[in-house]
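The primary structure of each chain is shown beneath.
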Amino acid sequence: MTDQITKDSAYNAVAPDDFGAMIEVDRYGQRSGAFNKIISATHDHFWDPLDKRYLDLSAPFDLKTQTILPQEMIMELQTPLADNWDAQTKIDLTNGIGHMFLSNILHGEQAALSLSASLVHILLDQGAAEYAANQAREEARHVTAFAMYIDSRWGKPAPCTPVLGNLLTEMVSSELVYKKIVGMQMLVEGLAMGAFATIYNHSNDPMLRQMTQLVMTDEAFHHKFGKIWADKTMPHLSDAEHNTVEDWAQQVFQTLLFNMFGPGEKAALYASLGIDVDEVKEALASAFTDDARRARMRSSTNIMRVLCKTLVKAGIITDRTKSFYATFVDMDELAAEGDEMVGDPIAEDGIRFLQMINGGEGRTPSSTLAAE
Ligand SMILES: [Fe+2]
Ligand SMILES: [Fe+2]
């Protein structure tokens, strides 16, 4: 446990098997108030995937004639190779990729559940532990909701892609608080907020759009928890500690950016549709040159751009790694932008809807207040 980087006593941690430390009498007297607002807001955005007042998961969707994600989002369909495919193949490919994409999100939700539960075992501060327990409960309903959604559309989920599986495993099993919070609450949750905003704005399935908005009402708070950690930690790090955090963030970013969902991961899906994986690799490489990729990333809703912004605003990126990120986004433009995260307005609308059901009408949606 000597590798912990702790700058605020709210993040004091013990080994996962050191339950003795949890029942030390002096430990109970310490409770940080830093998380009180996020904890007390949990009732406002409560929802239950099994309760039709919040979400009706019984609406049908015909996967043979409609696509869950718009075909414009599918990179393969933006290459000349797609001219050889008939309309049914395009629909099947789009829905096959949607199945893999949403299954990876389900596995990410399970990782968030396991990770927040693991924080409960190591965080000594009662406020931090109470926050983490609430997050675990919220992630548990996300696992239920995505599992039910995938079951209603496809039956079984697709396996987790290996690179993502390894990354999630490393975060869940690590005993290091900074690795967990930077990896999960800042980067994976940031990626999720960006992905959910895209699904909410563009999916053709109203049931998925509704479910995604409800999930976002929770995720906005999880992302705020990461921001509170950064505010209390980053300014106080030694150079060596800052380098450690900065390198971990870059490693996670790089994995999420380059290695998660390439053509190799989709080989079995291509094969089931009679598509040659090597032809796809070639077509994608010539259609999406570095310049084309960069142009896509510069659009303000691009998910990776959202992640860069999270790291810039948290003060994690210094001149050591700035040039790595500057390959993809305009770093000065990002630094000048406000703090609002993509997806925050969607989450706030969702919270107003939930307050009507939960009896919290008239209160200001608290996602923007929670980190104050
Ligand atoms: Fe979640
Ligand atoms: Fe989350």
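Remember, predicted model here, so these are calculated numbers, not experimental data. (Residues numbered from 1 in each chain as written. Chains lettered and ligands numbered in written order. Predicted model: local features only at pLDDT ≥ 70, side-chain atom pairs only at ≥ 80, totals over all residues. Heavy atoms only, no water.)

(A) Quick peek at the packing of aromatic side chains. Applying the stated rule across the entire model yields 11 aromatic pairs. Ring geometry for Phe 46 versus Tyr 54: centroids 6.0 Å apart, planes at 85°, classification edge-to-face. Judged by relative accessible area, Phe 46 falls into the partly exposed class, the value being 24%. A relative accessible area of 4% means that Tyr 54 is categorised as buried. Considering the side-chain rings of Tyr 131 and Phe 225, the 4.0 Å spacing of their centres and the 15° angle between planes classify their relative orientation as stacked. Here Phe 225 lies in helix α7 (residues 206–233) and Tyr 131 lies in helix α4 (residues 126–153), a separation of 94 residues in the sequence. Looking at Tyr 131, the relative accessible area reads 4%, which means it is buried. Each residue in the set Tyr 11, Phe 35, Tyr 131 and Phe 225 is aromatic and connected to the rest through ring pairs, giving one cluster. The ring of Trp 248 is capped by Lys 179, whose NZ or CZ atom sits 4.7 Å from the centre of that ring. (Phe/Tyr/Trp six-rings, centres within 6.5 Å; stacked < 30°, edge-to-face > 60°. Buried < 20%, exposed > 50% of the residue type's maximum accessible area, 1.4 Å probe, protein only. Helix = DSSP H or I, 4+ residues; strand = E, 2+ residues; numbered from the N terminus. Lys NZ or Arg CZ within 6 Å of the ring centre and 35° of its normal.)

(B) Just the coordination of the iron ion (ligand 2), in detail. Within the protein, the iron ion (ligand 2) binds to Glu 139 (OE), Glu 189 (OE), Glu 189 (OE), Glu 219 (OE) and His 222 (ND1); these donor distances fall in the range 1.9 to 2.4 Å. Within one chain, the residues donating to the iron ion (ligand 2) are spaced in sequence as E-x49-E-x29-E-x2-H. Here the iron ion (ligand 2) and the iron ion (ligand 1) are spaced 3.2 Å apart, and both take Glu 139 as a donor. Linking Glu 189 in helix α6 (residues 177–202) with His 222 in helix α7, this pair joins segments that are 33 residues apart in sequence. Take Glu 189 and His 222: they sit in the same class, and that class is buried. (Donors = N, O, S within 2.8 Å, 3.2 Å for Na, K, Ca; no water.)

(C) Structural detail: the nonpolar core. Tyr 11, Phe 35, Val 182, Trp 229, Val 245, Leu 256 and Ile 316 are the most contacted members of the largest nonpolar core, which has 57 residues in total. For this core, the element with the highest residue contribution is α6, accounting for 9 residues. With near-sequence residues (within four places) excluded, Val 245 lies in contact with Ile 5, Tyr 178, Val 182, Trp 229, Met 234, Leu 237 and Ile 316. Ile 105, Ile 150, Val 215 and Leu 354 belong to the second-largest nonpolar core, a separate cluster that totals 35 residues. (Core = buried A, V, L, I, M, F, W, Y, C linked by side-chain atoms within 4.5 Å. Contact = heavy atoms within 4.5 Å.)

(D) Structural context of the coordination of the iron ion (ligand 1). Only Glu 109 (OE), Glu 139 (OE), His 142 (ND1) and Glu 219 (OE) from the protein coordinate the iron ion (ligand 1), and they sit 1.9 to 2.2 Å from it. If you look at the iron ion (ligand 1), its 4 donor atoms make angles of 91 to 144° with each other, and the shape they trace is irregular. (Tetrahedral: all angles 85-135°; square planar, octahedral: opposite > 155°, others 65-115°.)

(E) Geometry of the packing of α6 against helix α12 (residues 303–313). Packing of α6 against α12 brings their axes to within 9 Å, and their N-to-C directions diverge by 140°. Taken as axis vectors, α6 and α12 run oblique relative to one another. Crossing of α6 against α12: the hand is right-handed. Touching Met 186, Leu 187, Gly 190, Leu 191, Gly 194, Ala 195 and Thr 198 of α6 are Ile 303, Met 304, Val 306, Leu 307, Thr 310 and Leu 311, all from α12. By residue class, the composition of the contact of α6 with α12 is 9 nonpolar, 4 polar and no charged. (Axes fitted to C-alpha atoms, helices over the stretch in contact; angles between N-to-C directions. Parallel < 35°, antiparallel > 145°, perpendicular 65-115°, else oblique. Left-handed = near helix turned anticlockwise from the far one by under 90°. Nonpolar A, V, L, I, M, F, W, Y, C, P; charged D, E, K, R; others polar.)

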